[in-house]
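Residues per chain, in single letters:
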Amino acid sequence: MSGKTQKIITSIKDVLSDKPLSISEISEKADINWRTAEHYLRILEKLGLVEEKSIKNTRTFFYKNKDNYFELPIREKHSKLISSIYANIKKTCLKLFDKEPTKTQVYKIIWKIDKELKLGLPVGWYRYGPCCVQIYRGDEEATKLDKNIIIVIEKITKEYCFLDNMSLQKEIYTQEKNKLYLTKQGLLELENNFENKEELNMLLMDLIKYAPDETTETVTDFARATLLLGWEKTKACFIDYLWKYIAMIVFKKSLVFYYGDFGNLDVYLNEKVESAKKESQVIITDLVKSKLDKFR
């Protein structure tokens, strides 16, 4: 790839990381002519890095970052800041505990940093609680950070890297009084027996109550299946399918603050959410069917 081609592609990716744009807008912001913009957009589209959608009768192009969760884009300034924070978290954890941090620890630390300093980073709630859109790799390079950010990084890393993943998750769920995630944790901590039906029933009712409205039908079907079959028979379905579906919707809702003004989250998440929903429904139906077949 020539230097000129690389430069054009990079400039297109950069302007689309800010927000979805039309060809005319891309041409203007990237300082290239319309035909050139269209040509390279087609190349990026074939590589799976760009997706075209018609928005209000305008051809609009969305950039898909393969290195991020759900291929969501992040503004360049925020991506660089996140990378530097990641590098400093790792450095601090190695210094304090002589070990690298886990992804869970890193995501919870950056969530707390963002919350305390109001940095406006794309950190939402996903399967295990706070999760940054930009995936932590462990090889990020540190750039110069404000002294106040460094102080907060060191303070929170000392506090959070001391805890194992499960303890840290529970601590944050409790601190935030997040009833949905506390209910999830309660279900996962149930013993694999069916003796305490009252506790199970209460947790299932709470799951229906606190899960996003879009999931009510599927969650209710799961609760009925669990009461019929027993938690030990449906736990794997909950962990691998239903909770994934619920968490995707929670993640989407929790990121509207960041993407609502420049991106359409539906383009990135709706297809995956619908797929997760169908998977959950199929597994729940199969579990119940297998139970009923035994009585025939």
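Refer to the preceding data block for the structure.
Quick look at the structure, then. (Residues numbered from 1 in each chain as written. Predicted model: local features only at pLDDT ≥ 70, side-chain atom pairs only at ≥ 80, totals over all residues. Heavy atoms only, no water.)

## Notes on the overall build of the protein
Piece 1. For the protein, the helix and strand inventory stands at 13 helices and 5 strands.
Piece 2. Classification of the 296 residues of the protein by burial places 48% in the buried group.
Piece 3. In the protein, 68% of the contacts between residues at least 6 apart in sequence involve partners at least 24 apart.
Piece 4. Accessible area of the protein: about 15900 Å², with a carbon and sulfur share of 50%.
Piece 5. Distance between charge centroids for the protein: 2 Å, based on 50 positive and 44 negative side chains. (Helix = DSSP H or I, 4+ residues; strand = E, 2+ residues; numbered from the N terminus. Buried < 20%, exposed > 50% of the residue type's maximum accessible area, 1.4 Å probe, protein only. Contact = heavy atoms within 4.5 Å. Areas by Shrake-Rupley, 256 points an atom, 1.4 Å probe, with all protein chains shown as cover. Lys, Arg positive; Asp, Glu negative; His and termini not counted. Charge placed at Lys NZ, Arg CZ, Asp CG, Glu CD.)

## Concerning the packing of helix 7 (residues 165-176) against helix 8 (residues 179-188)
Piece 1. Axis separation between helix 7 and helix 8 bottoms out at 8 Å; the angle between their running directions is 140°. When the axes of helix 7 and helix 8 are compared, the pair comes out oblique. Of the two possible hands of crossing, helix 7 and helix 8 adopt the one that is left-handed. Residues Met166, Gln169, Lys170, Tyr173 and Thr174 of helix 7 pack against Tyr181, Leu182, Lys184 and Gln185 of helix 8.
Piece 2. Taken together, the residues of the contact of helix 7 with helix 8 sort by class into 4 nonpolar, 3 polar and 2 charged. (Axes fitted to C-alpha atoms, helices over the stretch in contact; angles between N-to-C directions. Parallel < 35°, antiparallel > 145°, perpendicular 65-115°, else oblique. Left-handed = near helix turned anticlockwise from the far one by under 90°. Nonpolar A, V, L, I, M, F, W, Y, C, P; charged D, E, K, R; others polar.)

## A word on the pairing of strand 2 (residues 50-55)
Piece 1. Here strand 2 pairs with strand 3 (residues 58-63) via 6 bridges, running antiparallel. When the sheet's bridge partners are listed, Glu51 is paired in strand 3 with Phe62.
Piece 2. Taking the residues that link successive antiparallel strands as the turn, the strand 2-strand 3 hairpin has 2 residues, and the phi of Lys56 there is positive, at about 50°. (Pairing = 2+ DSSP bridges.)

## Some details on the sheet that holds strand 2
Piece 1. In space, the 3 strands of this open sheet follow the order 1-3-2, with antiparallel pairing throughout. Two strands lie at the open edges of the sheet, namely strand 1 (21-22) and strand 2, each paired on one side alone.
Piece 2. Strand contacts of helix 1 (residues 3-18): strand 1, strand 2 and strand 3, with the helix running at about 100° to strand 3, the strand carrying the most contacts.

## Some remarks on helix 1
Piece 1. Under the 1.5 Å per step criterion, the end-to-end length of helix 1 is 23 Å for 16 residues, consistent within 8% with the ideal 22 Å.
Piece 2. Every buried residue belonging to helix 1 is among Thr5, Ile8, Ile9, Ser11, Ile12, Val15, Leu16 and Ser17, and all of these are buried.
Piece 3. At its buried positions, helix 1 is contacted by strand 1, helix 2 (23-30), helix 3 (34-46), strand 2 and strand 3. (Expected span 1.5 Å × (residues − 1).)

## Side note on the packing of helix 5 (residues 103-117) against helix 7
Piece 1. As a packed pair, helix 5 and helix 7 sit with axes 9 Å apart at the nearest point and diverge in direction by 30°. Viewed along their axes, helix 5 and helix 7 adopt a mutual orientation that is roughly parallel. Considering the relative orientation of helix 5 and helix 7, their crossing is left-handed. Within the contact between the two elements, helix 5 uses Thr104, Gln105, Lys108, Trp111, Lys112 and Lys115 and helix 7 uses Asn165, Leu168, Gln169, Ile172, Gln175 and Glu176.

## What to know about unusual backbone geometry
Piece 1. Even without being glycine, Asn57 reaches a positive phi, approximately 65°.
Piece 2. Here Asn57 shows up in the loop between strand 2 and strand 3.
Piece 3. Phi at Phe70 takes a positive value of approximately 60°, unusual for a residue other than glycine.
Piece 4. Following the sequence through the fold, Phe70 ends up in the loop between strand 3 and helix 4 (76-97).
Piece 5. Of the residues examined, Phe70 reaches a relative accessible area of 11% and is grouped as buried.

## What to know about the pattern of salt bridges
Piece 1. The tally for this structure, following the rule as stated, stands at 17 salt bridges.
Piece 2. Across the pair Arg137 and Asp139 runs a salt bridge, and its minimum N-O distance is 2.9 Å.
Piece 3. A residue is classified by how much of its surface remains accessible, and Asp139, at 52% relative accessible area, is exposed.
Piece 4. One network of salt bridges, in which partners are shared, links Arg35, Glu38, Arg42, Glu45, Glu52 and Arg59. (Salt bridge = Lys/Arg side-chain N within 4 Å of Asp/Glu carboxyl O.)

## Focus: the nonpolar core
Piece 1. Counting 69 residues, the largest nonpolar core has Ile85, Leu187, Leu207, Phe222 and Ile246 as the members making the most contacts within it.
Piece 2. Counting residues per element, this core draws most heavily on helix 11 (residues 231-254), which supplies 12 residues.
Piece 3. Aside from chain neighbours lying at most four places away, what touches Ile85 is Ile110, Ile113, Leu119, Leu121, Leu145, Ile149 and Ile153.
Piece 4. Listed in part, the 18 residues of the second largest apolar core include Ile9, Leu16, Ile23 and Ile32. (Core = buried A, V, L, I, M, F, W, Y, C linked by side-chain atoms within 4.5 Å.)

## Remarks on the pairing of strand 3
Piece 1. Bridge analysis of strand 1 against strand 3 gives 2 bridges, and the strand direction is antiparallel. Counted as the bridge partner of Leu21 is Phe61 from strand 3.

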